Amino acid sequence: MKKKIIIIGSGFSALAAACYLAKEGNSVSIYEKNNTTGGRCRQLIKDGFTFDIGPSWYWMPDIFDKFFADFNKKTSDYYQLDKLNPAYKIFFSDDSITIGDSMDKICVEFERIEKGSSKHLRKFISEAQKNYNIAINKIVLRPGVSPLELITPETAIRVNQFFTTISKQVRKKFKNPKLIATLEFPVLFLGAKPNKTPSFYNFMNYADFGLGTWHPKGGMYEIIKAMTSLAKELGVTINTNANVEKIRVQHKKAIGITVNNENIDADVVLSGADYHHSESLLDVEHRQYSEAYWDKKTFAPSSLLFYVGFDKKLDNIEHHNLFFDTDFEKHAEEIYDTPKWPKDPLFYVNFPSITDNSMAPKGCETGFFLIPIATDLKDTPELRTSYFNLIIKRFQEKTKQNVENSIIFKESFCVNDFKEQYNSYKGNAYGMANTLLQTAFLRPKLKSKKVENLYFTGQLTVPGPGVPPALISGKLASELIIKNSNT
Ligand SMILES: Cc1cc2nc3c(=O)[nH]c(=O)nc-3n(C[C@H](O)[C@H](O)[C@H](O)COP(=O)(O)OP(=O)(O)OC[C@H]3O[C@@H](n4cnc5c(N)ncnc54)[C@H](O)[C@@H]3O)c2cc1C
């Protein structure tokens, strides 16, 4: 029997789930509190400049391809995808490293920094590729219900990789701190420190060097536009400016929601909002996880972001730029161990207008600056300004140019905005980290243990943070709903 299904939120996971559930003939309605779909992936358009508000790295193109293929579509039906060359540039205190779009180019760069390192790199990436195939084609496609899901013939022979860390693995073969930092960078997407991330996750290095960095023309929001249009083609109803106030429960079954003071009934409720917030929409006795449970978890960082319009083209930069010219360990400590505003932060800047002239007026540059910070920090306009001044100074020194006088406008986004705009737990930017004890069946569950017909999806449940995992999370949640509806 086809069901009436309500989905809370419209991030990648919610949109993905909506498409799969509608394809099965269910009647699906999305309720999103903000005025557009997309969740953390929204767009700011100002004075001819286009900014992605959240994600900017398009990694793992195979996962996007698979998603659209499930609906007999291709990404090219909706957006143009270009592989970036170089993929990105890393600025260190005395040098920079440029990551090209092929292993051959990257090997030349590694040899320049450390003689003999390219041989180790090829071996490392070939191992990472094997892990990628196991992780992406097998493990992440399981719903995180049982520890047995992690046990396959392939993982059994790699069990040691779950008990050693990516930091240790990288340091065994590479000595130069710049190469170590380069190889530790991809796992930062998983939200934890490399010395807390199992080495099995080196599959992120294959995603980086093997699969490359891509750019959808027009920006990441093009993916949201594509998914929103696919969802509509499949018959999904999308309600924006619809803040869900309550998940209604009767006799331990979800029976609908309250939105803008109106009760709406459903057979199934799926929440793609932050898991902690979703449970706060239930009466206390229906919640699975206590405040103490959430408080003990390692969350991915929050961020201080600036969206800056420049009235000229800038020099010595690429589409993606990492400023690793200060002490990574110190900054990581200030994010995870003793949360405080960082003294000398690393930061990231993207200029999509370098490769895509649709994103800025002619002769101008669109700049997105991001400083990762601990969650729940005090967020004031004065702090934001002081950090902008700090990083713009360093940016000018490293790229050897004056840009301050070329700023037409700047907007910022930080902890308070994450809380207010997304109901984000402690203002996290990208969910709950993937550490050994927060992997697979150890993450908050897709299906409520206390309330029938209530499900969760998104970056706080399985498989974890990031756009590709969010697509997979939506698929996993929809599969559980479909399976349970048929039994
Ligand atoms: C600054 C930043 C940079 C990032 N960079 C990258 C990157 O480069 N590459 C990458 O792969 N990933 C990146 N990520 C992570 C990625 O964006 C997220 O993991 C992903 O978008 C999360 O999707 P989601 O479906 O879990 O939920 P979200 O996008 O958080 O969507 C949840 C939705 O629920 C809505 N909602 C909340 N409460 C309610 C309510 N009561 N009623 C109705 N609706 C509600 C929210 O408004 C929101 O729209 C980045 C994230 C941020 C913030």
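Anything mentioned here points back to the structure above.
Every value quoted in this text rests on a predicted model; they were computed, and no experiment measured them.

1. So, the site of the ligand
As a structural note, the neighbourhood of the ligand is formed by 37 residues, with Gly-9, Gly-11, Gly-39, Pro-55 and Gly-458 the closest of them. Counting only elements with at least two residues in the shell around the ligand, the list comes to helix H1 (12–23), strand S14 (302–310) and helix H15 (467–485). Top contributing element to the shell around the ligand by residue count: H1, with three residues. Across the shell around the ligand, the residue classes break down as 17 nonpolar, 17 polar and three charged. Each of two domains, domain 1 (4–40 + 220–297 + 432–485) and domain 3 (302–373 + 380–413), supplies a minimum of three residues to the shell around the ligand.

2. A closer look at the environment of Lys-419
If you trace the backbone, Lys-419 turns up in helix H14 (residues 415–422). Residue classification places Lys-419 among the buried positions, given that 20 C-beta atoms sit within 10 Å. In sequence terms Lys-419 and Met-359 are 60 residues apart; their C-alpha atoms lie 28 Å from each other. If near-sequence neighbours (up to four positions away) are discounted, Lys-419 is found in contact with Ser-424 and Gly-427.

3. Some words on the environment of Arg-443
Considering the arrangement of structural elements, one finds Arg-443 in the loop between H14 and strand S19 (454–456). For Arg-443, a count of 21 C-beta atoms within 10 Å translates into the label buried. Here the alpha-carbon distance between Arg-443 and Leu-476, two residues 33 residues apart in the chain, equals 14 Å. Setting aside residues no more than four positions away along its own chain, Arg-443 makes contact with Gly-144, Met-432, Gln-438, Thr-461 and Val-462.

Procedures and definitions
Residues numbered from 1 in each chain as written. Predicted model: local features only at pLDDT ≥ 70, side-chain atom pairs only at ≥ 80, totals over all residues. Near = placed C-beta within 6 Å. Helix = DSSP H or I, 4+ residues; strand = E, 2+ residues; numbered from the N terminus. Nonpolar A, V, L, I, M, F, W, Y, C, P; charged D, E, K, R; others polar. Domains from an automatic or database assignment. Buried ≥ 20, exposed ≤ 12 C-beta atoms within 10 Å, placed from the backbone. Contact = placed C-beta atoms within 7 Å.

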